[in-house]
Amino acid sequence: KQWYQRRVAITAGELGGYLPKLLTDDAIRIIKDQKNKDKPMFMYFSLPNVHSPNQSPKGYISKYCPDGIEGYDRKQLAGNLGGLEESMKNLTDALKETGEWDNTILVFISDNGGAPVGLMSYAGHSNYPLRAGKTTLFEGGVRTPAFIAGPYVRHLAGSEANGMFHVSDWMPTLTSLIKKKTGRTFRLKNEIDGVDNSEMVFNGGTTKRKEMLLQINKGNEVLRMDKYKLIVGNAGEYDGYLNHQGRPEIKIQYDEPMDFLGKVKCSIGLCGGFGDYIIDPTDGAKVRLFDLEVDPSETYNIAGKHPDIVARIRARIDELRVIVRKPQDNSQIPEAHHKKSGGIWKPWRNTQSINIDYNILTKTEL
């Protein structure tokens, strides 16, 4: 019921009730209040429209929910998506009114895939044709769409880039364009993991990223190298291709078993009844290997046919484990609990007094 604006608690009801609109109005105010138009501005603008809980104003549902969408959750999501588009239109209109649009780069991204089942399943999400979703290590959880807009990509309007790109690549990619356009840059004290992918994003070229580490040091490991993605351990708490509403059903493929018991199981529909992973004979780990170039839906585990690729990627994971920083301690801090502040989450200590460890590890070799 409350949100924080310039460190002051304000009830949403006092300002109009619908949080995305409040945030959008405040972002527009910041844009229009800029006193020095020649001074560069960076805005990180995050909207909660597609996250649970699914609460769309009735007017948005009637305005933005097209015929054919069935179910309460899907209709709520359609209304919220319409509200998201409305916010983006109002934001870009403000940039155009102030004359800033012609010198703006707008990057639209998401942090993870939708949650078709589980705690947030009532948000009406679907990642079809990708497998599973949020909190899993399948593509439905880790691959998201994105787009970039503005005058610097106008020549690429309507085109698509499908090369590998990690969220850490945005900083070097955008600063590369800034340097090209303004001649201004900065020197990093330490090397970073992000890759300058400006050639792909701004010129329609190919990706410079050759690998992407998605999980390590938490009992499960996932590394993508070129077109191959290896999952070691548990991929998540749920699986499948969910909420596809009238679109073709996708099924996981299994090799026909050679043993008698396996053939009997398949004859009664239990092929892969214990998962599509295989056991790595070297250490007993559960492994899945997918060729994402031909199988982006991760329907067919090819680990059994390519033990050499499995071994090569696992060896690379071992190298990365040595240099990747261990996960932070997420034990509970009593002072930070929302019960200490009237049922809301907020900063619990003065940021000026926090001791931050700025130790940066050496660059992952990419």
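Just so you know, these numbers come straight off a predicted model, no measurement behind them. (Residues numbered from 1 in each chain as written. Predicted model: local features only at pLDDT ≥ 70, side-chain atom pairs only at ≥ 80, totals over all residues. Heavy atoms only, no water.)

Across its full length, the protein holds nine helices and nine strands. Within the span of the protein, comprising 366 residues, buried residues form 36% of the whole. If you take every contact in the protein between residues at least 6 apart in sequence, the share linking residues at least 24 apart comes to 62%. Total accessible area on the protein is roughly 23500 Å²; 53% of this is exposed by carbon and sulfur atoms. (Helix = DSSP H or I, 4+ residues; strand = E, 2+ residues; numbered from the N terminus. Buried < 20%, exposed > 50% of the residue type's maximum accessible area, 1.4 Å probe, protein only. Contact = heavy atoms within 4.5 Å. Areas by Shrake-Rupley, 256 points an atom, 1.4 Å probe, with all protein chains shown as cover.)

The amide bond that connects Tyr128 to the next residue, Pro129, takes the cis arrangement and shows omega of 5 degrees. Its identity is not glycine, yet Thr135 carries a phi of approximately 75 degrees, on the positive side. Following the sequence through the fold, Thr135 ends up in the loop between β3 (106-108) and α5 (139-142). Positive phi values are uncommon outside glycine, yet Glu298 reaches one of about 55 degrees.

With that out of the way, let us pick up the packing of aromatic side chains. Within this structure, the stated rule accounts for four aromatic pairs. Relative to Tyr60, the ring of Tyr18 lies with its centre 5.4 Å away and its plane at 90 degrees, an arrangement referred to as edge-to-face. Highlighted residues: Tyr18 in the loop between α1 (12-15) and α2 (19-32) and Tyr60 in helix α3 (residues 58-64), separated in sequence by 42 residues. Just as Tyr18 is buried, Tyr60 falls in that class too. (Phe/Tyr/Trp six-rings, centres within 6.5 Å; stacked < 30°, edge-to-face > 60°.)

With 17 residues, the main nonpolar core has Leu223, Tyr228, Leu230, Leu289, Ile313 and Ile317 as its most contacted residues. Contributing elements (two or more residues each) for this core: β6 (221-225), β7 (228-232), β9 (286-291) and α9 (307-323). Per-element accounting of this core gives the leading share, five residues, to α9. Setting aside residues up to four positions removed in sequence, Leu289 forms contacts with Tyr228, Lys229, Leu230, Tyr300, Asn301, Ile302, Ala303, His306, Ile309, Val310 and Ile313. (Core = buried A, V, L, I, M, F, W, Y, C linked by side-chain atoms within 4.5 Å.)

Moving on to the pattern of salt bridges. All told, the structure shown has 20 salt bridges when counted by the stated rule. A salt bridge links Glu139 to Lys229; its shortest N-O distance comes to 2.7 Å. With Glu139 in helix α5 and Lys229 in strand β7, this residue pair connects regions lying 90 residues apart in the sequence. With respect to class, Glu139 is no different from Lys229; both count as buried. Residues Arg314 and Asp280 are paired through a salt bridge, measuring 2.9 Å at the closest nitrogen-oxygen approach. Of this pair, Arg314 sits in helix α9 while Asp280 sits in the loop between β8 (278-279) and β9, placing them 34 residues apart in sequence. Among the residues examined, Asp280 registers a relative accessible area of 9% and is labelled buried. (Salt bridge = Lys/Arg side-chain N within 4 Å of Asp/Glu carboxyl O.)

A separate point is a nonpolar patch on the surface. Judged by side-chain polarity, Met171, Phe186 and Leu188 come together as a nonpolar surface patch covering roughly 260 Å² of accessible area. Note on placement: Met171 falls in helix α6 (residues 170-182). Given the relative accessible area of 36%, Met171 is considered partly exposed. (Patch = residues over 30% accessible without salt bridge, like charges linked within 9 Å, V, L, I, M, F, W, Y side chains within 5 Å.)

Quick look at the environment of Met164 now. Relative to the helices and strands, Met164 is located in the loop between β4 (147-149) and α6. Considering only alpha carbons, one finds Met164 and Lys227, 63 residues apart in sequence, at a separation of 9.0 Å. Discounting chain neighbours no more than four positions away, the residues touching Met164 are Asn197, Met200, Thr207, Arg209, Lys210, Glu211, Met212, Arg224 and Asp226.

To continue, consider the environment of Asp33. Considering the arrangement of structural elements, one finds Asp33 in the loop between α2 and α3. Each C-alpha atom of the pair Asp33 and Thr98 lies 9.8 Å from the other, and the pair is 65 residues apart in sequence.

With that settled, consider the sheet that holds β9. On the basis of which strands lie adjacent, the open sheet formed by five strands has the order β5-β6-β7-β9-β8 and antiparallel pairing. Looking at the sheet topology across the chains shown, the edges are occupied by β5 (211-215) and β8. Relative to β7, β6 runs antiparallel, the two being bridged by five bridges. Residue pairing for β7: Val222 is matched across the bridge by Ile231. (Pairing = 2+ DSSP bridges.)

All right, on to the packing of α2 against helix α4 (residues 72-97) then. Running from amino to carboxyl end, α2 crosses α4 at an angle of 10 degrees, the nearest separation of the two axes being 10 Å. Classified by the angle between their axes, α2 and α4 sit roughly parallel to one another. Mapping the contact onto sequence places Pro20, Thr24, Ala27, Ile28, Ile31 and Lys32 in α2 and Ser87, Asn90, Leu91, Ala94, Leu95 and Glu97 in α4. Residues belonging to the contact of α2 with α4 are distributed by class as follows: seven nonpolar, three polar and two charged. (Axes fitted to C-alpha atoms, helices over the stretch in contact; angles between N-to-C directions. Parallel < 35°, antiparallel > 145°, perpendicular 65-115°, else oblique. Nonpolar A, V, L, I, M, F, W, Y, C, P; charged D, E, K, R; others polar.)

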